[in-house]
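Residue strings, one per chain:
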Amino acid sequence: MSKSFDIEINLLTEPSVASVAPLPSHPKPVDRELGTKSFYIETFGCQMNVHDSEKVAGVLLERGYRPVDTAAAADFLLYNTCSIREKAAQKVFQRLNDFKFAAKANRKVIGVLGCVAQQEGEEIFERAPWVSLVCGSASYRDLPNLIEQVELGGRRVTGLDLDTDETFETEITRRDNPFRAYLTIIEGCDYSCAYCVVPHTRGPERSRASDSILAEVRRLADAGYTEIQLLGQTVNSYRDPSPRKWNFVDLLLAVAEIEGIRRVRFTTSHPNDFTREIVEAIDATPALCDHIHLPVQSGSTRILREMRRTYTREQYLEKISWIRGARREFSLTTDVIVGFPGETEADFEETLSLLDAIQSDGVFAFKYSPRPNTPSLAMPDAIPEEEKSRRLAILNERQRQIQIARNEKLVGAAYEVLVDTHHAARNQWAGRTTSNRIVNFSTSRENLLGQYVQVHITRSAPNSLIGEEAHGEEVQGGEAQ
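Residues numbered from 1 in each chain as written. Predicted model: local features only at pLDDT ≥ 70, side-chain atom pairs only at ≥ 80, totals over all residues. Heavy atoms only, no water.

Per the secondary structure count, the protein chain includes 14 helices and 20 strands. For 481 residues, the compact-globule estimate of 2.2 N^0.38 gives 23 Å, and the C-alpha radius of gyration of the protein chain, at 22 Å, lies within 12% of that figure. Once the C-alpha set of the protein chain is aligned to its principal axes, its extents read approximately 60 × 55 × 50 Å. Expressed as a percentage of the 481 residues in the protein chain, the buried residues total 58%. The contacts of the protein chain with a sequence gap of at least 6 include a subset with a gap of at least 24, amounting to 76%. Just so you have it, the protein chain exposes about 20000 Å², and 47% of that area is on carbon and sulfur atoms. (Helix = DSSP H or I, 4+ residues; strand = E, 2+ residues; numbered from the N terminus. Rg over C-alpha atoms; globule rule 2.2 N^0.38 Å. Buried < 20%, exposed > 50% of the residue type's maximum accessible area, 1.4 Å probe, protein only. Contact = heavy atoms within 4.5 Å. Areas by Shrake-Rupley, 256 points an atom, 1.4 Å probe, with all protein chains shown as cover.)

If you want it as structure tokens, here you go:
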């Protein structure tokens, strides 16, 4: 099947190991039986990569391949890669060595997909000559042709074109998550943040037509999915290329109206395109989840300017005021980079004070990592690694205290939880609220995976809530008021 790393950038804690229920029954428009050729995809990165792997698997299924559970058992081994952080890219090259001899003996075909493929290009063939396919995400639409070349014995097959206005859509998508369906609505990025490789690895922004999106959501609803997560590097930059010319809010509302869809999430938003209308739409529409992931990256306007983030600290705080002023109580998560070149102690203190001001429910904090083809590579005043680590530890502890205080206030509330995990060792179930909070709870009932359950919160922790199944609790808008 497949294995994923570092997924779910908008989760409030690291995901736990789940007891996975059978997938809903999905229509598979494949007439022929699965053949003897097997495949395995190992995925690194964000939800975009996870969902890309689901679609790549669909391409392979359509060609008669069958999925297997381990890389060792696969005839065709694909690594879908991420280059946002240096360690992720290094891990890919370590993986390529694992099956070098099998590939050289023609017992296995290996391909590299995604951001590292686009970033390194044909250099991958030089470092790992046993690799047969290198394909960036902007060229996934050509995968059937590229895979055919590999099947015919082609070596050094590449798909590295960034000049496209097409999105990656497939007849079949193998859904690996039995409870939440990912759906990409916009690919690429037109921003030019100084530290970011995405414009160089995923190409320019290109939005998917609204008719195609809504048709897929209807198919997912018919297949039994009740929760949809809309994806994009800058998801709220969505602009419908069809004659409808919908904006992001128009699409959100249309998806929320589809029968059978109970929850609609989205990630990741860019502050520049985050409007008051998005907050108003969520406020007025119960199916739109009351969780916003809005990366800030720094609390210093000076550093934001150096990062080319297109907004100031004050403008970001204004957007937070819209969220905090809503009738529904939204949860908020964000991203922060510490140790960007030239970041002074005063700049770092501004980031800490921003955390105090916004009181977010989770922060994904990273040390600045220099990436190829980015303007920040040439910037002076690099921060020593030890200092970056010190600042990251201080920031994480500050945020931990914020989360402890915020979660303690939720004790006594009742939440509607979509159950996605069973912890057999401690006889607990777990799931997420509409605001994306993790809740672990006990109950006398069994077989709850995929069900919506009301839970009364009895205790809190920095990254999760603990409770018991509630009976007779009044829950409004998904969470008790």
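Inspection of the secondary structure assignment puts T301 in helix 11 (residues 301-307). Along the sequence, T301 and Q315 sit 14 residues apart, while their C-alpha atoms lie 9.7 Å from each other. The contacts of T301, once residues within four sequence positions are left out, are T312, R313 and E314.

The subject of this paragraph is the pattern of salt bridges. Summed over all chains, the structure comprises 35 salt bridges. As a salt-bridge pair, R63 and E151 come within 2.7 Å of each other at their nearest N and O atoms. Of the two residues, R63 is situated in the loop between helix 1 (47-62) and strand 3 (66-67) and E151 in helix 6 (residues 143-151); the sequence distance between them amounts to 88 residues. What makes R63 partly exposed here is its relative accessible area of 24%. Classification of E151 as partly exposed rests on a relative accessible area of 32%. Between E345 and R391 there is a salt bridge whose closest N-O contact spans 3.9 Å. You can see E345 sitting in helix 13 (residues 345-358) and its partner R391 sitting in helix 14 (residues 385-408), a full 46 residues away along the chain. (Salt bridge = Lys/Arg side-chain N within 4 Å of Asp/Glu carboxyl O.)

For the rest of this paragraph, the subject is the sheet that holds strand 16 (residues 414-423). Read once around its circumference, the closed barrel built from five strands follows the order 16-17-18-20-19, with strand pairing classed as mixed. Averaged over all adjacent pairs, the angle separating strand axes in this sheet is 55°, with direction ignored. Pairing analysis gives five bridges linking strand 16 to strand 17 (residues 428-432), with the strands arranged antiparallel. For L418, the partnering residue across the bridge sits in strand 17 and is R432. (Pairing = 2+ DSSP bridges. Axes fitted to C-alpha atoms, helices over the stretch in contact; angles between N-to-C directions.)

Now for the sheet that holds strand 12 (residues 263-267). As summarised here, the arrangement of the three strands in space is 8-11-12, forming an open sheet in which the pairing is parallel. The outermost strands of the open sheet, each flanked by one partner alone, are strand 8 (180-184) and strand 12. Ignoring which end each strand starts from, the neighbouring axes of this sheet average 25° apart. Pairing of strand 8 with strand 11 (residues 227-231), which is carried by five bridges, proceeds in the parallel orientation. Bridge pairing in strand 11 links L183 to L230. Along the sheet, helix 8 (residues 210-222) contacts strand 8 and strand 11; its crossing angle with strand 8, the most-contacted strand, is approximately 165°.

In this section: unusual backbone geometry. Residues T267 and T268 are joined by a peptide bond in cis, for which omega reads 0°. With respect to the element layout, T268 can be found in the loop between strand 12 and helix 10 (276-284). One non-glycine residue, R308, lies in positive phi territory at about 60°. Mapped onto the elements of the fold, R308 is located in the loop between helix 11 and helix 12 (313-324). The exposure class assigned to R308 is partly exposed, which follows from its relative accessible area of 42%. Here the phi dihedral of N447 falls at roughly 55°; this positive angle occurs in a residue that is not glycine.

Moving on, we come to the packing of aromatic side chains. Enumeration according to the criterion identifies six aromatic pairs in this entry. Ring centres 5.3 Å apart and planes at 75° place the aromatic pair F340 and Y368 in the edge-to-face group. Taken as a pair, F340 in the loop between strand 14 (331-338) and helix 13 and Y368 in the loop between strand 15 (362-367) and helix 14 lie far apart in primary sequence, 28 residues in all. Across this residue pair, the class does not change: F340 and Y368 are buried. (Phe/Tyr/Trp six-rings, centres within 6.5 Å; stacked < 30°, edge-to-face > 60°.)

On to helix 2 (residues 86-98), then. All of the buried residues in helix 2 are A88, A89, V92, F93, R95 and L96. Buried residues of helix 2, viewed axially, fall in a sector of 155°; they line one side. Within helix 2, the exposed residues directed more than 90 degrees away from the buried face are K87 and Q94. (Arc of directions from axis to C-beta.)

Here the focus is the side chain of T434. Here T434 shows up in the loop between strand 17 and strand 18 (438-442). Looking at T434, the relative accessible area reads 4%, which means it is buried. Looking at T434, its side chain comes within polar contact range of the side chain of D290, at 3.5 Å. (Polar contact = N/O pair within 3.5 Å; in protein donor to acceptor, adjacent residues only side chain to side chain.)

Below, the discussion takes up the pairing of strand 18. Along strand 18, four of the five residues are buried, which leaves the element largely enclosed by surrounding structure. Bridging between strand 17 and strand 18 involves four bridges; their strand directions are antiparallel. Following the sheet pairing, W429 is matched in strand 18 by F441. Linking strand 17 back to strand 18 in an antiparallel pair, the connection comprises five residues, with N436 at a positive phi of about 70°. Across four bridges, strand 18 lies against strand 20 (residues 465-469) in parallel orientation. When the bridges of strand 20 are listed, S442 appears paired with E468.

Take helix 14 next. The end-to-end C-alpha distance of helix 14 is 35 Å, a good match for the 34 Å that 24 residues give at a rise of 1.5 Å each. Every buried residue of helix 14 is listed here: K388, R391, L392, L395, Q399, I402, Q403, R406 and N407. As for helix 14, its buried residues are in contact with helix 12, strand 14, helix 13, strand 15, strand 19 (452-460) and strand 20. (Expected span 1.5 Å × (residues − 1).)

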